[in-house]
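# Observations on chain architecture
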Amino acid sequence: MHKFAPTGSPTNPERELKSRLRQQAALARLGQRALSDCDLQQLMDETARMVILALEADLSKILEVQPDRGSLLLRAGVGWREGLVGSALVDADRQSPGWYAMQSNEPVIVGNLRCETRFKPPQLLLDHDIISGLNVLVHIGGEPFAVLGAHTTRYRHFTDDDINFLQNAANILGMAIERERNEHVIRELSTPVLQIFPRVLLVPVVGRYDQQRAATVEDTVLHEIKARRAQVVVVDVTGAHFDPEASPLFIRTLKAAKLLGAEVLITGVTSELAGGLVSQVDRWQNLRTMGDLESGVQEALCLMREKTGAEPIGKLLHGGFHRRRDA
Amino acid sequence: MNKTPNPETPTKAQKELMARLRQQAALARLGQYALTGCELQELMNQAVNMVAHTLEIQLCKVLELQRDGKTLLLRSGVGWRKGLVGVARIGTELESQAGFTLRSDEPVIVRDLGSETRFNGPALLRDHGVISGLSVIINVHSRPFGVLGAHTTEYREFSDDDANFLQNVANMLAMVIERDANEDMIRELSMPVLQIFPRVLLVPVVGRYDANRAVQMETLLLEATKQRRARVVVLDVTAANFDAEASPRFVRTLKACKLLGAEVLITGVSPALAESLVTAGQQWQDLHTVGDLESGVQEALAYIRENISNTSDDDDSDDPDTGTRVDARIL
């Protein structure tokens, strides 16, 4: 495992000091960018540009490991011929540098690509007259996600100190990618819509409810109401934490649901949320709330009975699962 | 390798260069550690130690802004008197450097706390003989989580370059804090437990179900079953995405649930899950599956009717074939 230790063998310490200080400042800016709600592709592009400036390199690249691990995609980069970034694929088979990097699991310094013996130089690099280079891995949860690299078209002695800098940039990228993945999962999970009876939907809202989430919930709920022609929607907020600025959006979603013809019941309202809602929404009276989910489900069944005149549960099935066993 | 003109007496630039190189190396190690999925408290402890060591200072701390917005908790630190870390609190009002940092957009450098005019030194710093210091915000989602501070007990001129280094450490902490919050949310979201009727739980399993989730789900499901004295658990897996290795654990969880006295009904089984349960060689015959959620809820009610209403005291001879009577009882 690489030790990430400083070396420092400068012939011109004043000049190198300046360059290292610039690197640290650039990393701080990149970190702040990653922490703002910045698009991942944008962050990759910025990283590629930043690497060029901070290392005074001619080319930079972010090669993303493809799902089959057989190739790497040039996701971002500077200095490449037009049309390559976003589409060029590099082999990750045996003898390729990508394979070597993943295999050794360590930063790789290339002194002179033309004399390289550890792997076969890929055509993409040779086509751009690359001589020296430096590659580090972007890891997420122990898995290699990408290779971040810097290259020069003249001989350049890259040091362990350069590795440290580049690895710091790769770590920021790794954290940002991890965040994007998590956010994707959260969006996916955020609103299960459960049809518990014919035309009756149950929507449990769990976890933090912020503006972004509010938009997802609105889309999903309204879409499902239409698609399943729901007449009653029970929205259970027992496990939700509302951001103050998101509660008006929540009310808006409920109103839109009503416009689509569904009766909306809110269950599990905490005193905290009730306070927040009452203070800002005068039409709060129009929303029907019930203490707990059970009562909400009962109320939903009553409503269905009123609306349709029929028994929503219908004739209960007989010989249910508990009997099947005996059969 | 070392071609410096005077190897004996390094110049000022050489010394600073070595210090900066050490910082960058230490930051890389911290980042690598953060990416292994470490625990937040452990990362904070490593970070304060690393900062104290690399900046060669006596005191370093992470302060966490409390919910009231008025106090900061000494969440992690090095160099402080015993018993303070995890306990000590300071105000965010005018008195403290941390409070001032929270209100300013930039790192705050203090040359001499004694002659500072922007804020009073809080007791915590004065008690430890702090003279100079540097602090930066740990921002998560554009909201302050807290402050990372470095302090010395002798005069020291901190530079903007030191501030950049400290900000880099704070950014790394912020990213891990955000990751933790996201992971908590995913856990919470992935399996809400919904009591839809007395003693009937509905548990929708959403998203990827892997070995990790299987363990979480087992704990959660068994606890909820016991706590709410559930008789029927309807487990809806319509929107779940099962990893093949996780299915044996899934079956085990359901059996444990039964031991606690609850019938388990699984709804929304996909062909792929059915296949993996069969190939897992489990005794899946014991599992009760129902096509869709709606039918599952109906079966749950039928079960409750037969098993609870028959044993209840006021049981009488109403026509058992109509659902209305069950309704009257349940509703």
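Rules and cut-offs
- Residues numbered from 1 in each chain as written.
- Chains lettered and ligands numbered in written order.
- Predicted model: local features only at pLDDT ≥ 70, side-chain atom pairs only at ≥ 80, totals over all residues.
- Heavy atoms only, no water.
- Helix = DSSP H or I, 4+ residues; strand = E, 2+ residues; numbered from the N terminus.
- Buried < 20%, exposed > 50% of the residue type's maximum accessible area, 1.4 Å probe, protein only.
- Contact = heavy atoms within 4.5 Å.
- Areas by Shrake-Rupley, 256 points an atom, 1.4 Å probe, with all protein chains shown as cover.
- Buried area = accessible area lost by both parts, 1.4 Å probe.
- Salt bridge = Lys/Arg side-chain N within 4 Å of Asp/Glu carboxyl O.
- Nonpolar A, V, L, I, M, F, W, Y, C, P; charged D, E, K, R; others polar.
- 1 Å grid on protein atoms, 1.4 Å probe; cavity = no way out; pocket = protein on both sides within 12 Å on 5 of 7 lines; lining within 4 Å.
- Points joined across faces, edges and corners; volume = space filled by probe spheres on them.
- Axes fitted to C-alpha atoms, helices over the stretch in contact; angles between N-to-C directions.
- Parallel < 35°, antiparallel > 145°, perpendicular 65-115°, else oblique.
- Left-handed = near helix turned anticlockwise from the far one by under 90°.
- Pairing = 2+ DSSP bridges.
- pLDDT = per-residue confidence, 0-100.

## Let's talk about the overall build of chain B
Summing up its helical and strand segments, chain B has ten helices and 13 strands in all. Sorting the 331 residues of chain B into buried and exposed places 53% on the buried side. Pairs at least 24 residues apart make up 61% of the contacts formed inside chain B by residues separated by at least 6 positions. Surface exposure of chain B reaches about 15,100 Å², of which carbon and sulfur atoms provide 49%.

## With respect to the interface of chain A and chain B
Tallying the contact residues gives 84 residues for chain A and 77 residues for chain B. Roughly 7,300 Å² of surface becomes buried between chain A and chain B when both sides are summed, with 63% attributable to carbon and sulfur atoms. Linking chain A with chain B are four salt bridges. In this structure, B:Arg143 and A:Glu245 form a salt bridge, with 3.0 Å as the shortest nitrogen-oxygen distance. If you tally residues by element for the side of chain A that touches chain B, the top one is helix H5 (residues 160-189) of chain A, at 17 residues. Split by residue class, the side of chain A that touches chain B holds 35 nonpolar, 27 polar and 22 charged.

## So, unusual backbone geometry
Negative phi characterises most residues that are not glycine, and trans characterises most peptide bonds. Residues and elements named next belong to chain A. Its identity as a non-glycine residue notwithstanding, Asn 105 has a phi of 60°, on the positive side. Its location among the elements puts Asn 105 in the loop between helix H3 (97-104) and strand S4 (108-110). Judged by its relative accessible area of 33%, Asn 105 falls in the partly exposed class. If you check the backbone angles, Arg 199 has positive phi at about 65° while not being a glycine. Inspection of the secondary structure assignment puts Arg 199 in the loop between strand S7 (194-197) and strand S8 (200-204). Under the relative-accessibility criterion, Arg 199 is labelled partly exposed at 29%.

## Brief notes about empty space enclosed by the protein
Think of a ball as big as a water molecule: rolled over the atoms, this probe shows where empty space is left. Residue and element names in this part refer to chain A. Under the criterion given, the structure shown has six cavities of 30 Å³ or more. What the largest cavity holds in volume is close to 100 Å³. Elements that contribute at least two residues to the lining of the largest cavity include exactly strand S1 (59-65), H3 and helix H4 (123-127). Counting residues per element, the lining of the largest cavity draws most heavily on H3, which supplies three residues. Split into classes, the residues belonging to the lining of the largest cavity amount to nine nonpolar, two polar and one charged.

## Remarks on the packing of helix H1 (residues 13-35) of chain A against helix H5 (residues 160-190) of chain B
The axes of two packed helices give the description: the angle between them and the distance between them. Relative to each other, H1(A) and H5(B) sit at 30°, their axes nearing to 9 Å. Overall, the two elements H1(A) and H5(B) adopt an arrangement that is roughly parallel. Two packed elements cross with a definite hand, and for H1(A) against H5(B) that hand is left-handed. Side by side, H1(A) and H5(B) meet where A:Leu21, A:Gln24, A:Ala25, A:Leu27, A:Ala28, A:Gly31, A:Gln32, A:Ala34 and A:Leu35 of the first sit next to B:Asp161, B:Asn164, B:Phe165, B:Gln167, B:Asn168, B:Asn171, B:Ala174, B:Met175 and B:Glu178 of the second.

## Brief notes about the environment of A:Ala170
With respect to the helices, strands and loops of the structure, A:Ala170 is situated in helix H5. Those residues in contact with A:Ala170, other than ones at most four positions away along the chain, are A:Val136, A:Leu137, A:Val138 and A:Leu148.

## Section: the sheet that holds strand S6 (residues 143-152) of chain B
All names here are of chain B. If you trace the six strands from one edge of the open sheet to the other, you get S3-S2-S1-S6-S5-S4, paired in antiparallel fashion. Every other strand in the sheet has two partners, leaving strand S3 (89-91) and strand S4 (108-110) as the edge strands with one partner each. Between one strand axis and the next, the sheet turns by 25° as a mean value, whatever way the strands run. Note: strand S1 (residues 59-65) against S6, six bridges, orientation antiparallel. Residue Leu 59 lies in a different strand from S6, and its bridge partner there is His 151. Contacts from helix H2 (residues 40-55) reach S1, strand S2 (71-78) and S6, with the element oriented near 65° to S2.

## Regarding the layout of surface pockets
As a volume, the largest pocket reaches approximately 1,600 Å³. Around the largest pocket sit 40 residues that line it, and A:Arg208, A:Asp243, B:Arg67, B:Arg143 and B:Ala181 are the ones nearest its centre. Looking at the lining of the largest pocket, the elements with two or more residues in it are H5, helix H6 (211-227), strand S11 (240-242) and helix H8 (271-280) of chain A together with S1, S6 and H5 of chain B. Per element, the largest residue contribution to the lining of the largest pocket is eight residues, and it comes from H5(B). Looking at the lining of the largest pocket residue by residue, the class counts come to 14 nonpolar, eleven polar and 15 charged. Reported here for the second largest pocket is a volume of approximately 910 Å³. A:Asn182, B:Glu183, B:Arg208, B:Asp210 and B:Asn212 are, among the 25 residues lining the second largest pocket, the residues nearest its centre. Secondary structure elements with two or more residues in the lining of the second largest pocket: H5 of chain A together with H5, strand S9 (207-209) and helix H6 (211-227) of chain B.

## Points about the confidence of the model for chain B
Residue and element names in this part refer to chain B. In this model, chain B carries an average pLDDT of 85, and 88% of its residues clear a pLDDT of 70 or more. Averaged pLDDT values over the elements of chain B bottom out at 40 in helix H10 (residues 323-330) and peak at 97 in H2. Under a pLDDT of 50 for its full length, residues 311-331 has, in the predicted model, 34 contacts with residues more than four places off or in other chains. The ipTM assigned to the predicted complex is 0.73, against a pTM of 0.75.

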